[in-house]
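A structural walkthrough
Next come the chains, spelled out residue by residue.
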Amino acid sequence: MKKKQEELIYQMNKFLANLHIFKTIVHNYHWNLKGEHFFTIHPMLDGVMSETDEHIDEVAERILMIGGRPFASLKVYLEHSMLQEIESKPYTGIEAVKGILENFKLLLDEMNVALKMAGDLEDQETADLFTGIGAAYQKHIWMYTAWLTK
């Protein structure tokens, strides 16, 4: 059981690393957004950053609650994240939404690994945390896909 708990903590830390990289990606789009959708997308990105900050805090605190230690350095985040940083350059609203949509899909897949592990350990509280985050991501994926549909 202890080994499975350690594996869950590691998976949660990988997700935490992904969240930090994701927030940096969203910041990049936020700062470099240009074009006709600026006034729609720019404030939406503020909300994504705030939500991501909440998820970062919730996941890190849950790691501590179950006996782990959260990753806490940029170097470690980059070593363990599956997300790729993006170039600092101008982006259109459509490019930003497409990029964020793809990252939400990747985050959801990665988060579902931790969710399954928590379920296998009968750690309902961790499973509930990830179920809530997953529901938020599914809603974003649905909404961003709808916005991109012509």
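Bear in mind that the values here come from a model prediction, so they are computed numbers and not experimental data.

Within the chain, the secondary structure is distributed over five helices and zero strands. Ordered by position from the N terminus, the helices and strands of the chain form the series α-α-α-α-α. Relative to a compact globule of 150 residues, whose C-alpha radius of gyration would be 15 Å, the chain shows 16 Å and is just as compact. Oriented by its inertia axes, the alpha-carbon framework of the chain measures out at about 55 × 30 × 20 Å.

Moving on to the UniProt feature "domain: Ferritin/DPS" (unreviewed entry) in the chain. Taken from the UniProt record, the annotation "domain: Ferritin/DPS" (unreviewed entry) applies to residues 11–150. As annotated, residues 11–150 comprises 79% helix and 0% strand, and the C-alpha atoms at either end are separated by 37 Å.

Using the criterion set out here, one finds seven aromatic pairs in the structure. Ring geometry for Phe38 versus Phe39: centroids 5.3 Å apart, planes at 90°, classification edge-to-face. On the basis of relative accessibility, which here comes to 73%, the residue Phe39 falls in the exposed class. With centroids separated by 5.1 Å and ring planes inclined at 50°, the aromatic side chains of Phe104 and Tyr137 adopt a geometry described as tilted. On the criterion of sequence distance, the pair formed by Phe104 in helix H4 (residues 93–120) and Tyr137 in helix H5 (residues 124–148) is long-range, its members being 33 residues apart. Summarising the burial analysis for this pair, Phe104 and Tyr137 share the class buried. Of the aromatic side chains, those joined through ring pairs into one cluster are Phe22, Phe104, Tyr137 and Tyr144.

Rules used throughout
Residues numbered from 1 in each chain as written. Predicted model: local features only at pLDDT ≥ 70, side-chain atom pairs only at ≥ 80, totals over all residues. Heavy atoms only, no water. Helix = DSSP H or I, 4+ residues; strand = E, 2+ residues; numbered from the N terminus. Rg over C-alpha atoms; globule rule 2.2 N^0.38 Å. UniProt positions renumbered as here; feature names shortened; annotations may be inferred. Phe/Tyr/Trp six-rings, centres within 6.5 Å; stacked < 30°, edge-to-face > 60°. Buried < 20%, exposed > 50% of the residue type's maximum accessible area, 1.4 Å probe, protein only.

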